[in-house]
Amino acid sequence: MTANALLPSRIKAHGRAFAHIAAYHPELTALRRDLHAHPEIGFEEHYTARRVVESLKVCGADEIHTGIGKTGVVAVIHGRKTQSGKMIGLRADMDALPMTEHNDFAWKSGTPGMMHGCGHDGHTAMLVGAARYLAETRRFDGSAILIFQPGEEGFAGAKAMIEDGLFERFPVQSVFAMHNWPQMRPGMVGINPGPMMAAADRITIEITGQGGHGAHPYQTVDPVLVAAHIITAVQSIVSRNVRAVDSAVISMCAMKAGDLGAFSVMPGTATLVGTVRTFSSQVQDMVERRLREVCSGVALGFGATAHVNYERIYPATINTLNEAHLAADVAQGLVGRDHLDRNLDPSMGAEDFSFMLQVKPGAYLRLGQGADNGVGSCVLHNSRYDFNDEVLPLGAALHASLIEQGLPLSEDI
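Residues numbered from 1 in each chain as written. Predicted model: local features only at pLDDT ≥ 70, side-chain atom pairs only at ≥ 80, totals over all residues. Heavy atoms only, no water.

You'll find the protein entered in an unreviewed UniProt entry as Amidohydrolase, with Hydrogenophaga crassostreae given as the organism.

Draft legend 1. Inspection of the layout of surface pockets at higher detail. Considering only enclosed or pocket space, the largest pocket measures out at about 550 Å³ in volume. What lines the largest pocket is a set of 25 residues, and nearest its centre among them are Glu153, Ala200, Arg277, Ala350 and His381. Residue assignment for the lining of the largest pocket shows that the elements contributing at least two residues are β5 (174-181), β8 (199-208), β12 (269-278), β13 (305-314) and β16 (362-368). For the lining of the largest pocket, the element with the highest residue contribution is β12, accounting for 4 residues. Its residues assigned to classes, the lining of the largest pocket comprises 11 nonpolar, 7 polar and 7 charged. Two domains each donate at least three residues to the lining of the largest pocket, and these are domain 1 (16-196 + 316-407) and domain 2 (199-314). (1 Å grid on protein atoms, 1.4 Å probe; cavity = no way out; pocket = protein on both sides within 12 Å on 5 of 7 lines; lining within 4 Å. Points joined across faces, edges and corners; volume = space filled by probe spheres on them. Helix = DSSP H or I, 4+ residues; strand = E, 2+ residues; numbered from the N terminus. Nonpolar A, V, L, I, M, F, W, Y, C, P; charged D, E, K, R; others polar. Domains from an automatic or database assignment.)

Draft legend 2. Geometry of helix α7 (residues 223-233). Along α7, the residues that are buried comprise Pro223, Val226, Ala227, Ile230 and Ala233. Buried residues of α7, viewed axially, fall in a sector of 130 degrees; they line one side. For α7, the N-terminal capping position is held by Asp222, with its side-chain oxygen 2.9 Å away from the main-chain nitrogen of Val224. (Buried < 20%, exposed > 50% of the residue type's maximum accessible area, 1.4 Å probe, protein only. Arc of directions from axis to C-beta. Polar contact = N/O pair within 3.5 Å; in protein donor to acceptor, adjacent residues only side chain to side chain.)

Draft legend 3. Representation of the nonpolar core in the model. By size, the foremost hydrophobic cluster in this structure holds 95 residues, and its most contacted members are Leu146, Phe148 and Met356. The biggest single contributor to this core is helix α4 (residues 120-137), with 9 residues. Apart from the residues lying within four places of it in its own chain, the contact partners of Leu146 are Val73, Val74, Ala75, Ile77, Leu90, Leu127 and Ala131. Judged by nonpolar contacts, the second largest core, of 29 residues, contains Ile230, Ile237, Val242 and Leu272. (Core = buried A, V, L, I, M, F, W, Y, C linked by side-chain atoms within 4.5 Å. Contact = heavy atoms within 4.5 Å.)

Draft legend 4. Seen up close, the side chain of Glu351. Within the fold, Glu351 resides in the loop between β15 (340-341) and α11 (353-359). Engagement of the side chain of Glu351 in a polar contact is seen with the backbone nitrogen of Phe353, the distance being 2.9 Å. Looking at Glu351, its side chain comes within polar contact range of the side chain of Tyr364, at 3.0 Å. The contact partners of Glu351, leaving out residues within four places of it in the chain, are Arg91, Asp93, Glu152, His179, Met197, Tyr314, Pro315, Thr317 and Tyr364.

Draft legend 5. Spatial organisation of the sheet that holds strand β10 (residues 248-257). Taken in spatial order, the 4 strands make up an open sheet running β10-β12-β8-β13, and their pairing is antiparallel. Strand pairing shows two members of the sheet lacking a second neighbour, β10 and β13, which therefore form its edges. Adjacent strand axes in the sheet meet at a mean angle of 20 degrees when their direction is disregarded. As paired elements, β8 and β13 share 9 bridges and run antiparallel to each other. Within the sheet, the bridge partner assigned to Ile207 lies in β13 and is Ala306. Docked against the sheet, α7 engages β8, β10, β12 and β13, running at close to 15 degrees with respect to β12. Lying over the sheet, helix α9 (residues 281-301) contacts β8, β10, β12 and β13, oriented at roughly 160 degrees with respect to β13. (Pairing = 2+ DSSP bridges. Axes fitted to C-alpha atoms, helices over the stretch in contact; angles between N-to-C directions.)

Written out as structure tokens, the structure reads:
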């Protein structure tokens, strides 16, 4: 991904926005790499926010608001006309991940234990590129609201911005976001008019039995045995309770019980931790109920107890129909029919843009950035991941075109 990063992008797209933005591809690349070298996790994006503010001032944004949702930044750019009174929001996430980077290029992370392993550095640079274009051209009627969001990676930064008055202060009619996708080739865009990402829930199962000597298990209520049966039993919930046309995932991901140094001591308790992923609230409710029933029943059968703590972390990311169609049409105008997937399979991963879509109509897109064969050099959240700088102008043009076509000037109709 990096060998040709300093050369003009090989990605081709239609329209004046892409042609215009392609001219500042080098500046966007430099910004993206600077952000990559200075990763910051949720609500600590102070350097990132400062760089965004500096860039927005240079771009000529009409208003810049900081400190929304702690470290969030919002820019306002007015169109050539504002008679429509309409606003459209564009969102980019800014935070990195708490993981160690194993790349060796010049712009690798300079902060131990943190890296941009999900491409939010690229998302931020693309929205800055859109800001520069929109401020220079202003070919729209209304106002563009550019939302630079903190804390997407598990901190619910979108929710924090909303609770801090984001949409009261900037009452957009719709809001859009995009995420890079290494599984698609550069120049490809994917979307669908419904679920794009699953709800992410955390489950913690506390099992209480009776410890004792491993040589005398008949004198104990073994919580390890109970945990093993629960791990197996909960897998029946999806296969026997969820309709085949629906989707759900239950994964038990961690277990803690006993002491590895005490090979003959049966513990009195065991803890299981896992995740549930669903697309509909009805399936989500049913899975939670069945988890409690199954875990309690299995434990009771062995003379133990099991308490399920079910935490709903992120809701499902559900595109609204009209906004998804608009976004797909905008993308098709840029990349052509052959480079657009209008029925992209949803992911069981989660995204806190979902909080914005709970209160505003909008759509979430995928921007291809993988290797030319479509496989991608690294999946997201990989220690050797890096954003593909070739797609920066396309992503920025897609953002900007959503504004131009969502808020058209009467002379352009």
